[in-house]
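# Examination of the molecular architecture
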Amino acid sequence: MRIGFYPKLAASNMKKNRKTYFPYMLTCILTIAMFYVFKSLALNPGIEKMFGGSTIAYILELGSFVVALFAFVFLFYTNSFLIKRRKKEFGVFNILGMEKRHLALVLGWETLYVFVISLSAGLAFGIAVDKLMFLLLGKLIGAQVILGFFISIKVIVLTVKLAAVIFLLIFANAVCQIHIAKPVELLRDSSAGEKEPKTKWLMAAAGLICIGSGYYIAITTENPIASIFAFFIAVLLVIIGTYFLFTAGSIAFLKLLRKNKGYYYKTRHFISVSGMIYRMKQNAVGLANICILSTMVLVMVSSTSSMMVGMEDILNTRYTSSFMITSHETEKEREEEVVQTIRMLQNEKKIDIKNETEYPFLDFSAFCQGDTFTVERNASITAIDSSYVLFFMILDDYNRIEGTQKTLKDGEILIYSNRKSYEEPVLHLFDKKYKVAEKLDHFKVYGILAANMSNAQFIVVPDMGELQEICAKQQEVYGEISTDISRFYGFDSDADEEAQKQFYYELVEALKSRNLNTHTESRAEARMDFASLYGGLFFIGIFLAVLFVTATVLIIYYKQISEGYDDKDRFAIMKKVGMDQREVKAAIRSQVLTVFFLPLFVAGIHVMAAFPLISRLLALLNFVNSRLYIMCTGISFLVFAGMYVIIYVLTARVYYRIVSR
């Protein structure tokens, strides 16, 4: 054959199969562009100059890793649709005399064309929108954006390497499939029917058990530290269970419809149900993928948007006062010097103050077993749920801060639990039994430990003598790693943001210059850190959601095309025996609707079951506004459901055009 035959044949093949190639190439372009944008932003020197830039760069680096991993999995998956539809074509070429190595050459040229076009367009699109994304990210986190255009050769090289590896593996996989198949098998493979699948009750039961176990972990895990590990276990179980349930459960569902004679023996239902039963084995994987991707989109968008919208609530939860100073000085003179330094700077800078709060407190770690808290230096407790932080303050300070008039007898305490509720009537600590006089439902000073991952119990004791006694016993056990009674001082201010930040910097410097052992925090100064973290997470959440939605659309599109070509001959026969166009449309509508919205329905159930676990994970980031999270989840679901309906309308038309020819 003359030079240039194979490149021309490959180009001609792609043109003839443009309906399947165009969406695939579009996805390749988008994936490459997104990887470039994530990686470019992570390495952009302008990010480093932003406040909290290191945090944002780290988040973006993680995002680029997710996109790269997703690109491998998803592009392989979508390419399998192309190969399936092309096998008959390759079979014809093989029978007409074209050897397997010639088919490999054609595939090689096609892969090269897709690689060059996708890489060129993806890089061009990525470079074009990179600055726009940089500006958008700066806007989200409220940072000052530096002018200039950044193009990283390093990122371009990384993107080329990633794309080259992916397409090389895709090509190798396609060649293997063609090489091991016989010509007759290639002719029949794309249109080969399947035997009626058996109802796999064992697999369906395993799917229910996996999903149920994942739900159980999500609902019952209370410790936020354990939640991180539990989240991955629950996700893995739910993913496995979803695949099992769609593979076995969907077949069982369709067979139940078939047994319902009143439903099954109608023209549109008879055709759709009978056709889907034979194809559900291959359809189930696609439906499970759609369900999992939909769940990921809903979880990411709802959680990141709720944190972004509720950032002020998060700040107010973590920082109960505009300024928070904790003194760890043990000598009275040094402790007074801390207060004098703060007062002096307040007067010097003429900063207005209000809502002053001051109290001594003690905190240390302990392990809980039943109603007993154990303080051991080398405790061999393996259960992570038993780890606690105990926070103590005296009754007079609590009443003054909360504006209450509660009383306590000797040996009584008030208790507040930040996460895991304490249900016992008594509390044993250091061989002493305390009666729980009241379980509090509110505690203003909670913000001090809001960012702590451990469970915490806030305990109000009768007087200073009791607090000092507990402190002494704790020091006997912990020795040099023990804690002392510290003093908290907080106040609010109506000064503007910049004035508060300037006062904070000068206060930190003043306390440091006197070698005072203090820890100082400012809500105004922390706002940029929070904006960087939550803005970065929101940015990545939206970006990845766009990628996953694109993947969902493409899976649905290929699913409809694949089913359309499979059903074309069947509907042609039905028309010859008297089925009109109206009945064809009704059958198509019934077939698509029977299982099309099932992934969305199951995704909604997954999101609801994940709510307790996601809430606890968000609590690690100081987000405790469950009502806002529910609202953001509901809005996200409605928007996604609307998009899903649009996808249904568009893909149903594609399916109808194929089977109506």
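Residues numbered from 1 in each chain as written. Predicted model: local features only at pLDDT ≥ 70, side-chain atom pairs only at ≥ 80, totals over all residues. Heavy atoms only, no water.

This part is about the overall build of the chain. A tally of regular secondary structure across the chain gives 20 helices and ten strands. Residues classed as buried in the chain amount to 53% of the 661 residues present. Contacts in the chain between residues far apart in sequence, at least 24 positions, make up 84% of those at least 6 positions apart. About 31200 Å² of surface is accessible on the chain, with carbon and sulfur atoms providing 62% of the total. (Helix = DSSP H or I, 4+ residues; strand = E, 2+ residues; numbered from the N terminus. Buried < 20%, exposed > 50% of the residue type's maximum accessible area, 1.4 Å probe, protein only. Contact = heavy atoms within 4.5 Å. Areas by Shrake-Rupley, 256 points an atom, 1.4 Å probe, with all protein chains shown as cover.)

What follows concerns the pairing of strand 1 (residues 323-327). The element strand 1 is extensively covered by neighbouring structure, given that five of its five residues are classed as buried. Pairing of strand 1 with strand 9 (residues 486-492), which is carried by five bridges, proceeds in the antiparallel orientation. Each bridged residue has a counterpart across the sheet, and for methionine 324 the counterpart in strand 9 is glycine 490. Inspection of the sheet shows strand 1 paired to strand 10 (residues 518-522) by five bridges, in the antiparallel sense. By the bridge assignment, serine 327 is partnered in strand 10 with threonine 518. (Pairing = 2+ DSSP bridges.)

Next up on the list: the nonpolar core. Counting 115 residues, the largest nonpolar core has Tyr24, Phe38, Met393, Phe443, Val460 and Phe530 as the members making the most contacts within it. Looking at this core element by element, the count peaks at 20 residues for helix 17 (residues 523-576). Formed by 25 residues, the second largest nonpolar core is a distinct cluster that contains Tyr388, Ile394, Ile415 and Leu467. (Core = buried A, V, L, I, M, F, W, Y, C linked by side-chain atoms within 4.5 Å.)

Now for the pairing of strand 6 (residues 426-429). With two bridges joining them, strand 3 (residues 372-374) and strand 6 adopt parallel strand pairing. By the bridge assignment, threonine 372 is partnered in strand 6 with histidine 428. As paired strands, strand 6 and strand 7 (residues 432-439) are joined by four bridges and run antiparallel to one another. Following the sheet pairing, histidine 428 is matched in strand 7 by lysine 433. Two successive antiparallel strands, strand 6 and strand 7, enclose a turn made up of two residues, where phenylalanine 430 displays a positive phi of approximately 55 degrees.

Note that serine 321 resides in the loop between helix 12 (311-318) and strand 1. As a C-alpha pair, serine 321 and glycine 490 span 169 residues in sequence and 5.7 Å in three-dimensional space.

Here we take up a positive patch on the surface. On the surface, a cluster of positive charge is made up of Lys15, Arg18, Lys19, Arg653 and Arg657. Of all the secondary-structure elements, those providing two or more residues to the positive patch are helix 2 (18-43) and helix 20 (626-660). Structurally, arginine 653 is set in helix 20. (Patch = residues over 30% accessible without salt bridge, like charges linked within 9 Å, V, L, I, M, F, W, Y side chains within 5 Å. Salt bridge = Lys/Arg side-chain N within 4 Å of Asp/Glu carboxyl O. Lys, Arg positive; Asp, Glu negative; His and termini not counted. Charge placed at Lys NZ, Arg CZ, Asp CG, Glu CD.)

Enumeration according to the criterion identifies 15 salt bridges in this entry. For the salt bridge of glutamate 329 with arginine 334, the shortest nitrogen-to-oxygen distance reads 3.4 Å. Taking relative accessible area as the criterion, glutamate 329 reaches 10% and is therefore assigned buried. For arginine 334, a relative accessible area of 24% translates into the label partly exposed. Between glutamate 423 and lysine 439 there is a salt bridge, with its nearest N and O atoms 3.7 Å apart. Separated by 16 residues along the polypeptide, glutamate 423 in the loop between strand 5 (412-417) and strand 6 and lysine 439 in strand 7 bring together distant segments of the chain. On the accessibility criterion, lysine 439 (39% relative accessible area) is partly exposed. The network of salt bridges with shared partners includes Glu312, Glu497 and Arg527.

Now for a nonpolar patch on the surface. A cluster of nonpolar side chains, contributed by Leu105, Trp109, Leu112 and Val116, occupies part of the molecular surface with about 320 Å² of accessible area. Looking at where leucine 112 falls in the secondary structure, it is placed in helix 5 (residues 100-141). Overall, the relative accessible area of 39% leaves leucine 112 in the partly exposed class.

Right, let's talk about the packing of helix 8 (residues 201-220) against helix 19 (residues 598-619) for a bit. Two numbers describe how helix 8 lies on helix 19: the axes approach to 7 Å, and their chain directions differ by 35 degrees. The two elements helix 8 and helix 19 meet at a crossing, and its hand is left-handed. Residues Ile211, Tyr215, Ala218 and Ile219 of helix 8 lie in contact with helix 19, whose contacting residues are Ile605, His606, Ala609, Ala610, Pro612, Leu613 and Arg616. Of the residues contributing to the contact of helix 8 with helix 19, the split by class is nine nonpolar, one polar and one charged. (Axes fitted to C-alpha atoms, helices over the stretch in contact; angles between N-to-C directions. Left-handed = near helix turned anticlockwise from the far one by under 90°. Nonpolar A, V, L, I, M, F, W, Y, C, P; charged D, E, K, R; others polar.)

What follows concerns unusual backbone geometry. We note that asparagine 355 has phi near 50 degrees; this positive angle belongs to a residue other than glycine. Position of asparagine 355 relative to the elements: it lies in strand 2 (residues 354-369). Positive phi is not limited to glycine here, since aspartate 431 has a value of about 60 degrees. Tracing the sequence through the fold places aspartate 431 in the loop between strand 6 and strand 7. On the accessibility criterion, aspartate 431 (87% relative accessible area) is exposed.

Moving on, we get to the side chain of serine 305. Among the structural elements, serine 305 can be located in helix 11 (residues 267-309). Within the local environment of serine 305, its side chain forms a polar contact with the backbone oxygen of valine 301, the two atoms lying 2.5 Å apart. Within polar-contact distance, the side chain of serine 305 engages the backbone oxygen of serine 302 at 3.2 Å. When neighbours within four sequence positions are excluded, serine 305 is seen to be in contact with Phe538 and Cys632. (Polar contact = N/O pair within 3.5 Å; in protein donor to acceptor, adjacent residues only side chain to side chain.)

Predicted confidence across the chain gives a mean pLDDT of 78, with 77% of residues reaching 70 or more. Considering each helix and strand of the chain separately, the mean pLDDT is smallest for helix 7 (residues 183-189), with a value of 53, and largest for strand 6, with 90. pLDDT under 50 marks residues 190-194. Its contacts with residues more than four places away, or in other chains, come to seven contacts. Long-range and interchain partners of residues 380-384, a stretch whose pLDDT sits below 50, account for six contacts in this model, where long-range means more than four residues apart. (pLDDT = per-residue confidence, 0-100.)

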